[in-house]
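# Fold and geometry: a report
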Amino acid sequence: MVLVEDLLTDSLSACVGSWFETPFTHPFLELKTVSVADAVRPIPKRWVDDIEIDEGFGAEEGDLLGEGPVRSWSMDEGKQRLRDSLARLNLPEDRVSHANLPKMNRHELASEKRRVKQELKRYDADFRKQFSRLPTHSEKEPMRPLYVYYRRLKTMIAQAETSKLGPRESVTTGPDEETPRQGGRRPNVEDQIAALEARIDSLQTEKGSVRVKLQAFQEKFVSENNRKIRFHKDILPIEREYRMYKNLKEEIQKAETQLRDLREDA
């Protein structure tokens, strides 16, 4: 009498044996593999592994979490830089305008415009050299009188070219008038500059809000762990805010680059 155990053993043996016979085929047996060095294409590591965060926790010069707010010039220093610019341009502080402005021809106006533009660019360059970023719209507020004068010169030049007046004829608007605009609108480049400045201000505000949350988390982490944040796993509770903070920094850098290019072409 054949036992059930013997039947099962024979059946399993035949089944397993067929897997290793020559006629047996399977897609996995036909896979072609290539060995690649880890230096060429490393195996992705998990977020929770002990991998040190690149550049530190939100690190950038003048904007390290835990080292206070983003630095900037004080209003007094900004006003002093305006006075220095006016002195180099030989313009009075109480009324930022050249004494012979009404008598200037188009070429003289263009020369004066270049001088003023150089001072405005000097302010931006000095700010960028010290803080590794361009000044925001609010941080350029001390230079407003010079910007108003610059726009006035641009308008006068445009009027001179449009009306084709004589070389010594007056093309100025009244000295007490507000900054004029052609057709009620500023040139397209100035519109783009204003839009970028507003965008940078908005991004900086949003970045500051996120930074406050990261700052609070970092202070709590240091207090509880007696060390600074170093690894990705350390910031799992605020991963979303951390990513947002880095994205905002990148967006600000892109906008500042576009703004710098526009100002150079203006």
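All values reported here derive from a predicted model rather than from experimental measurement.

By the definition in use, this model includes five aromatic pairs. Seen from their ring centres, tryptophan 73 and tyrosine 123 are 5.1 Å apart, and the 75° between their planes marks the pair as edge-to-face. Here tryptophan 73 is found in the loop between helix H1 (4–19) and helix H2 (75–89), whereas its partner tyrosine 123 is found in helix H3 (residues 106–131), with 50 residues between them in sequence. On the accessibility criterion, tryptophan 73 (10% relative accessible area) is buried. Taking the relative accessible area as the measure of exposure, tyrosine 123 reaches 5% and is therefore buried. Of the aromatic side chains, those joined through ring pairs into one cluster are Trp73, Tyr123, Phe127 and Phe131. Here arginine 81 stacks its cationic end above the ring of tryptophan 73, 3.8 Å away from the centre of that ring.

In this structure, asparagine 90 is a non-glycine residue whose phi angle is positive, near 60°. For asparagine 90, the location among the structural elements is in the loop between H2 and H3. One non-glycine residue, asparagine 226, adopts positive backbone phi at about 55°. Locating asparagine 226 in the fold gives a position in the loop between helix H5 (188–225) and helix H6 (239–265). For asparagine 226, a relative accessible area of 70% corresponds to the exposed category.

Reading the values: the criteria
- Residues numbered from 1 in each chain as written.
- Predicted model: local features only at pLDDT ≥ 70, side-chain atom pairs only at ≥ 80, totals over all residues.
- Heavy atoms only, no water.
- Phe/Tyr/Trp six-rings, centres within 6.5 Å; stacked < 30°, edge-to-face > 60°.
- Helix = DSSP H or I, 4+ residues; strand = E, 2+ residues; numbered from the N terminus.
- Buried < 20%, exposed > 50% of the residue type's maximum accessible area, 1.4 Å probe, protein only.
- Lys NZ or Arg CZ within 6 Å of the ring centre and 35° of its normal.

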